[in-house]
Amino acid sequence: MVKDTSMTSPLFKLGLAALCSTLLASCAQSPTGRSQMLLFSPQQMNQLGADSFEQMKKQEKVSKDARMNAYVSCVAKAVTAQVPASYGITSWEVVVFDSKQVNAFALPGGKIGVYSGLLKVAKNQDQLATVIGHELTHVLAQHSNERLSRSQLTGLGLAAADIAMGSSEYRGATMAALGLGVEVGVMLPYGRTQESEADRLGLELMARAGFNPAEAIPLWQNMSAAAGGNTPPKLLSTHPSNENRIAELQAQQAYVLPLFKQARANGLVPQCKA
Ligand SMILES: [Zn+2]
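First, a word on what this report is: a plain description of the structure on this page. (Residues numbered from 1 in each chain as written. Predicted model: local features only at pLDDT ≥ 70, side-chain atom pairs only at ≥ 80, totals over all residues. Heavy atoms only, no water.)

### Some points on the coordination of the zinc ion
- Donor atoms from the polypeptide that coordinate the zinc ion comprise His-134 (NE2), His-138 (NE2), Glu-195 (OE) and Glu-195 (OE), at 2.0 to 2.8 Å from the metal.
- Because the angles between the 4 donor atoms bound to the zinc ion fall within 51 to 133 degrees, the donor set is best described as irregular.
- Between consecutive donors of the zinc ion, the numbers of intervening residues give the motif H-x3-H-x56-E. Here His-138, found in helix H4 (residues 125-140), pairs with Glu-195, found in helix H8 (residues 192-208); they are 57 residues apart in sequence, far enough to count as distant. Glu-195 carries the same exposure label as His-138, and that label is buried. (Donors = N, O, S within 2.8 Å, 3.2 Å for Na, K, Ca; no water. Tetrahedral: all angles 85-135°; square planar, octahedral: opposite > 155°, others 65-115°. Helix = DSSP H or I, 4+ residues; strand = E, 2+ residues; numbered from the N terminus. Buried < 20%, exposed > 50% of the residue type's maximum accessible area, 1.4 Å probe, protein only.)

Here it is in structure tokens:
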């Protein structure tokens, strides 16, 4: 019998923190307990996410491959089903982009983009769930809000009002802050702390969905191996990796494997076929 840890998990506490920040910006706290400076409301972030997603759909080729779309949606649906209701995200939009790029992203407001090139590196449903869980966590932990807030203070010239109104003058910088490096020339990588948070809580999300969290290790190994190839993963430029990542993922298995086994015992056995 595995103890139900859902109420005490970092993911659940993070949900409360997100709820909290909709009421009072200053009480925002990341899942690891660091305080976050967030200058934008969740409503503003959702609007920015939705606008940027529309922009991406115009810039990139949207895949019409029915089987690939069904596969990616199957994995995304299972993972997003584990996002606590306290985040207030009622629906998710998942789009597959037809591109060799090894990349994926999630945006505030329930938007997920996966490039078909990623499927060459994320070789099974568990590895794809690793990436989706990681990207989702960047959104849930308000990393994009944090980054946008910081870029405003460090004088990138972003004005909150302009951003909130979706001024096209600021679109490039805003999209970069959301982790979308398209046509901007600037890639704003996440910090090491944010990467660790995304890895840790992403693992928890996928494990609760019944995906095998042990597959996170070969996934990141594949990603590193692909870095020396013809199409180095774009994901790595916004999600810097380091030699500690694999060790941390291994250390976290003791916490997430029981969650995975419990999910399987409860009948959550995803069977998404590539
Ligand atoms: Zn990341």
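### So, the nonpolar core
- Grouped together as the largest cluster of nonpolar side chains are 42 residues, with contacts concentrated most on Val-75, Leu-118, Leu-128 and Ile-132.
- At the level of elements, helix H3 (66-80), strand S2 (104-107), strand S3 (111-115), H4, H8, helix H9 (216-226) and helix H11 (244-265) are the ones that each hand at least two residues to this core.
- By residue number, the principal contributor to this core is H4, which donates 7 residues.
- Setting aside chain neighbours within four positions, we find Val-75 in contact with Gln-125, Leu-128, Ala-129, Ile-132, Phe-211 and Cys-272. (Core = buried A, V, L, I, M, F, W, Y, C linked by side-chain atoms within 4.5 Å. Contact = heavy atoms within 4.5 Å.)

### Some remarks on the environment of Tyr-115
- Inspection of the secondary structure assignment puts Tyr-115 in strand S3.
- When the C-alpha atoms of Tyr-115 and Ser-63 are compared, they prove to be 8.8 Å apart, with 52 residues separating the residues in sequence.

### Here we look at the environment of Pro-233
- Following the sequence through the fold, Pro-233 ends up in the loop between H9 and helix H10 (235-238).
- For Pro-233, a relative accessible area of 6% translates into the label buried.
- On a C-alpha basis, the gap between Pro-233 and Lys-100 in space is 9.4 Å, while along the polypeptide they are 133 residues apart.

### Notes on the state of the cysteines
- Scanning the model with the defined rule gives 1 disulfide in all.
- A sulfur-sulfur distance of 2.0 Å marks the disulfide that ties Cys-74 to Cys-272. A torsion of -75 degrees about the S-S bond marks the disulfide between Cys-74 and Cys-272 as left-handed. Residue Cys-74 is found in helix H3, and its partner Cys-272 is found in the segment after H11; the two are separated by 198 residues along the sequence.
- Judged by its relative accessible area of 30%, Cys-74 falls in the partly exposed class. (Disulfide = S-S within 2.5 Å.)

### What to know about the packing of aromatic side chains
- This structure, assessed with the given rule, holds 4 aromatic pairs.
- Plain terms: the ring middles of Phe-53 and Phe-105 are 6.1 Å apart, the flat faces sit at 75 degrees to each other, and that makes the pair edge-to-face. You can see Phe-53 sitting in helix H2 (residues 42-59) and its partner Phe-105 sitting in strand S2, a full 52 residues away along the chain.
- Residue Phe-53 is classed as buried on the basis of its relative accessible area of 0%.
- Ring plane angle 25 degrees and centroid distance 6.0 Å describe the contact between Phe-97 and Phe-105, whose orientation is recorded as stacked. Like Phe-105, Phe-97 is buried.
- Members of the aromatic cluster, connected to one another through ring pairs, are Phe-53, Phe-97, Phe-105 and Tyr-115.
- Taking NZ or CZ as reference, Arg-245 lies 3.8 Å from the ring centre of Trp-220, over its face. (Phe/Tyr/Trp six-rings, centres within 6.5 Å; stacked < 30°, edge-to-face > 60°. Lys NZ or Arg CZ within 6 Å of the ring centre and 35° of its normal.)

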